[in-house]
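# Structural overview for review
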Amino acid sequence: MVYSNWIRVALLTLCIGFVDVAAAQANLEIDTPAIAALERSMQQRHTQLAPLYGSGAVGLTRDGNIALRDANAVPLAQRAQVNALIAAENRDRAALYREIALANKHPEWESEIRATFAQRWIERAQPGWYYQNPSGAWVKK
Amino acid sequence: MHCRAFSIFAASLGALALGACVTINIYFPAAAAERAADRIIDEVWQLTPDSAKPKAAAPATPQ
């Protein structure tokens, strides 16, 4: 009698465990209007940013942002515009990380989402682009 | 005696299960986050595979 109870408890625990693990491995929610709008905005901006990544003027930072790496690679007349582009991109990226955390009802995940993105942006960057290594030094991919 | 041992065991198992639930709830799904990041990066950097390219090119043709 005692053993059959024990087995019942163990099986129930196991079942709950599987359900939890399955839920944890499901996809994150990223199909919200706010996230889609940020994606479009960043996609449009990318046509202007791509040549700057290519020339090494702008690089991918270790914290999931972008930054001016080599101001000399940008003609003086365009520097203000490039700085504005970088600021706008970083605003969108911060909003994107926050919106993904909110869409999944875990606002506390924001920094981990940012860290995941930081890795993935760098991992998927094109050869020749610059990124920051974990100690903050610029490295050419 | 036997019964007491069992209730202690059951209680600790219950505590463990409860602890596991709390842990799972705050656990960050790293693999799912990577997949989500890759999907968004594909979109933003237009790294989409061949199947999605005609869709992206379509709006440009009418002009």
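Residues numbered from 1 in each chain as written. Chains lettered and ligands numbered in written order. Predicted model: local features only at pLDDT ≥ 70, side-chain atom pairs only at ≥ 80, totals over all residues.

## Structural notes on the nonpolar core
Formed by 30 residues in total, the largest nonpolar core has its most connected members in I100 and I113 of chain A together with A36 of chain B. Of all the elements in the fold, those that place two or more residues in this core are α2 (33-55), β1 (58-60), α3 (79-103), α4 (110-124) and β3 (130-132) of chain A together with α2 (30-45) of chain B. Broken down by element, this core gets its largest block of residues, six residues, from α2 of chain A. Sequence-distant contacts of I100 of chain A, defined by excluding residues within four places in its chain, comprise L28, I30, I35 and I113 of chain A together with A36 of chain B. (Core = buried A, V, L, I, M, F, W, Y, C linked by C-beta atoms within 7 Å. Buried ≥ 20, exposed ≤ 12 C-beta atoms within 10 Å, placed from the backbone. Helix = DSSP H or I, 4+ residues; strand = E, 2+ residues; numbered from the N terminus. Contact = placed C-beta atoms within 7 Å.)

## Quick word on α4 of chain A
The end-to-end C-alpha separation of α4 of chain A is 21 Å, in line with the 21 Å expected for 15 residues at 1.5 Å each. Along α4 of chain A, the residues that are buried comprise I113, R114, T116, F117, A118, W121 and I122 of chain A. Residues of α4 of chain A that are buried make contact with β1, α3 and β3 of chain A together with α2 of chain B. (Expected span 1.5 Å × (residues − 1).)

## Side note on unusual backbone geometry
The phi torsion at K105 of chain A lies on the positive side, around 60°, for a residue other than glycine. With 8 C-beta atoms packed within 10 Å, K105 of chain A lands in the exposed category. One non-glycine residue, Q46 of chain B, adopts positive backbone phi at about 55°.

## Observations concerning the sheet that holds strand β2 (residues 66-68) of chain A
The pairing of strands in a sheet comes from backbone hydrogen bonds and takes either a parallel or an antiparallel form. All names here are of chain A. One open sheet accounts for four strands, arranged β2-β1-β3-β4; its pairing is mixed. Of all the strands in the sheet, just β2 and β4 (138-140) have a single pairing partner and so form its edges. Taking each pair of neighbouring strands and ignoring which way they run, the sheet shows an average axis angle of 40°. Pairing of β1 with β3 involves two bridges; the strand directions are parallel. Across the sheet, L60 pairs through a bridge with Y131, a residue of β3. Taken strand by strand, α3 contacts β1 and β2, and its axis lies near 160° from that of β2. (Pairing = 2+ DSSP bridges. Axes fitted to C-alpha atoms, helices over the stretch in contact; angles between N-to-C directions.)

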